[in-house]
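One-letter residues, chain by chain:
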Protein chains: 2
Amino acid sequence: MKYVYRNRTSDCPYELTLSLISKRWKPRILEVLAQQSLRYGDLKAALPGVSDKVLSAALDDLTRDGLLSRTSFAEIPPRVEYAMTPQGDSILTAIAALRDWAIRENGR
Amino acid sequence: MKYVYRNRTSDCPYELTLSLISKRWKPRILEVLAQQSLRYGDLKAALPGVSDKVLSAALDDLTRDGLLSRTSFAEIPPRVEYAMTPQGDSILTAIAALRDWAIRENGR
DNA sequence: CGGCATCCACACGGATACTG
DNA sequence: CAGTATCCGTGTGGATGCCG
């Protein structure tokens, strides 16, 4: 059996979902944007230590994979807003189980 | 807030759980062992394409992280059995939500 | 402001050969 | 049988500098 999501395929449905979210910073990006939409600079400020290259690469991935929306306003200075999509929200529900596991096992 | 599991810590509970399972082959190892305990050679045969080095490194990780048990029998030829621990089973329950997400989104 | 280009160092997966 | 040792190519993260 092959599982498909957009351009990705895998024999293992775990792996397919993990491939969308397991890169560095992605879980935190989703965690932050789950609370509120943010523009690029605010997002970067919320993630101390991330570089522009890595952050923009992660945002590109998440946007291309349909988990985030990217809205660019034709203003000066430029403004770009990132927000969760419905698919992003649904995957957040799925990974909430991972959060709960960590909380339940906390300290062990 | 800091989340702790054995030797690992993270500010983000998603990331803590993901760090345990997101390396290559780990999801499939867990998927296979969820069905039945297996010895090393059978596990390798169930994962076409994996090398000894990578497989044994992943098994070491999972064992050290308490998700798998490793039982070595003092026989000739040697026999080593890998099986899920209760913690491994509980994390499988958590990542089942990821599997369900992939299945629900399948083909989109 | 919101990136991208470049460069570097290191971690990782994979192939092969060898061993208790 | 169940690994370890070694080497290698690639990918990834991070730092810095520049640009529309």
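Reading guide: rules and limits
Residues numbered from 1 in each chain as written. Chains lettered and ligands numbered in written order. Predicted model: local features only at pLDDT ≥ 70, side-chain atom pairs only at ≥ 80, totals over all residues. Heavy atoms only, no water. Helix = DSSP H or I, 4+ residues; strand = E, 2+ residues; numbered from the N terminus. Buried < 20%, exposed > 50% of the residue type's maximum accessible area, 1.4 Å probe, protein only. Contact = heavy atoms within 4.5 Å. Lys, Arg positive; Asp, Glu negative; His and termini not counted. Charge placed at Lys NZ, Arg CZ, Asp CG, Glu CD. Near = heavy atom within 4 Å. Polar contact = N/O pair within 3.5 Å; in protein donor to acceptor, adjacent residues only side chain to side chain. Axes fitted to C-alpha atoms, helices over the stretch in contact; angles between N-to-C directions. Parallel < 35°, antiparallel > 145°, perpendicular 65-115°, else oblique. Nonpolar A, V, L, I, M, F, W, Y, C, P; charged D, E, K, R; others polar. Least-squares fit on C-alpha atoms with pLDDT ≥ 70 in both. Pairing = 2+ DSSP bridges.

1. Digging into the overall build of chain A
For step 1, the next point in the chain: Assigned secondary structure in chain A consists of five helices and five strands.
For step 2, the next point in the chain: The secondary structure elements of chain A, listed N-terminal to C-terminal, are β-β-α-α-β-α-α-β-β-α.
For step 3, the next point in the chain: Dimensions of chain A, computed from the C-alpha atoms along their principal axes, are close to 50 × 40 × 25 Å.
For step 4, the next point in the chain: For chain A, the residues scored as buried account for 45% of the 108 residues in total.
For step 5, the next point in the chain: The long-range fraction of contacts in chain A, counting pairs at least 24 apart against all pairs at least 6 apart in sequence, stands at 41%.
For step 6, the next point in the chain: Looking at chain A, you have 16 positive and 13 negative side-chain charges, and the mean spots of the two groups are 3 Å apart.

2. Some remarks on the protein's contact with DNA strand C
For step 1, the next point in the chain: The immediate surroundings of DNA strand C are formed by 18 residues, with Arg70 and Tyr82 of chain A together with Arg24, Trp25 and Lys53 of chain B found nearest.
For step 2, the next point in the chain: Within 4 Å of the protein, the contacting atoms of DNA strand C are drawn from sugar and phosphate to the extent of 59%.
For step 3, the next point in the chain: A distance of 3.0 Å is found between a phosphate oxygen of DNA strand C and a backbone nitrogen or oxygen belonging to Gly41 of chain A.
For step 4, the next point in the chain: Within the residue set of the surface near DNA strand C, elements represented by two or more residues are α3 (40–46), α4 (52–64) and β5 (79–84) of chain A together with α4 (52–64) of chain B.

3. Regarding the packing of helix α5 (residues 86–105) of chain A against helix α1 (residues 13–21) of chain B
Two quantities define a packed helix pair, namely the angle between the axes and the distance from one axis to the other.
For step 1, the next point in the chain: Between α5 of chain A and α1 of chain B, the least distance of the axes is 8 Å, while the angle of their chain directions is 85°. In terms of their interaxial angle, α5 of chain A and α1 of chain B are classed as roughly perpendicular. Side by side, α5 of chain A and α1 of chain B meet where Leu92, Ile95, Ala96, Leu98, Arg99, Trp101, Ala102 and Ile103 of chain A of the first sit next to Pro13, Tyr14, Leu16, Thr17, Leu18 and Leu20 of chain B of the second.
For step 2, the next point in the chain: When the residues that make up the contact of α5 of chain A with α1 of chain B are grouped by side-chain class, the tally is 12 nonpolar, one polar and one charged.

4. Looking at the relation of the copies chain B and chain A
For step 1, the next point in the chain: Note on the identical chains: chain B maps onto chain A by a rotation of 180° and an axial translation of 0.0 Å, with an RMSD of 0.1 Å. Interpreted geometrically, this transformation is the action of a two-fold axis. Considering only C-alpha atoms, the residue of chain B closest to the rotation axis is Ser22 of chain B, which sits at 3.1 Å.
For step 2, the next point in the chain: Counting the interface residues of chain B, we find that 100% of their copies in chain A are interface residues as well, pointing to one common contact surface.

5. Thoughts on the protein's contact with DNA strand D
For step 1, the next point in the chain: What surrounds DNA strand D is a group of 18 residues, the closest being Arg24 and Lys53 of chain A together with Arg39, Arg70 and Tyr82 of chain B.
For step 2, the next point in the chain: Among the atoms of DNA strand D lying within 4 Å of the protein, the sugar-phosphate backbone contributes 58%.
For step 3, the next point in the chain: If you list the elements that add at least two residues to the surface near DNA strand D, you get α4 of chain A together with α3 (40–46), α4 and β5 (79–84) of chain B.
For step 4, the next point in the chain: For the surface near DNA strand D, the residue count by class is eight nonpolar, two polar and eight charged.

6. Brief notes about the sheet that holds β5 of chain A
Residues and elements named next belong to chain A.
For step 1, the next point in the chain: Judged by pairing direction, the sheet is antiparallel, and its three strands sit side by side in the order β3-β5-β4 without closing on themselves. A strand with exactly one partner marks an edge of an open sheet, and here the two such strands are β3 (38–39) and β4 (68–73).
For step 2, the next point in the chain: Strand direction decides the pairing type here: β3 and β5, joined by two bridges, are antiparallel. Bridge assignment links Arg39 to a residue of β5, and that residue is Glu81.
For step 3, the next point in the chain: Helix α2 (residues 26–35) contacts β3, β4 and β5 of the sheet and is inclined by roughly 95° relative to β5.
For step 4, the next point in the chain: Helix-sheet contacts for α4 involve β4 and β5, and the interaxial angle to β4 is about 110°.

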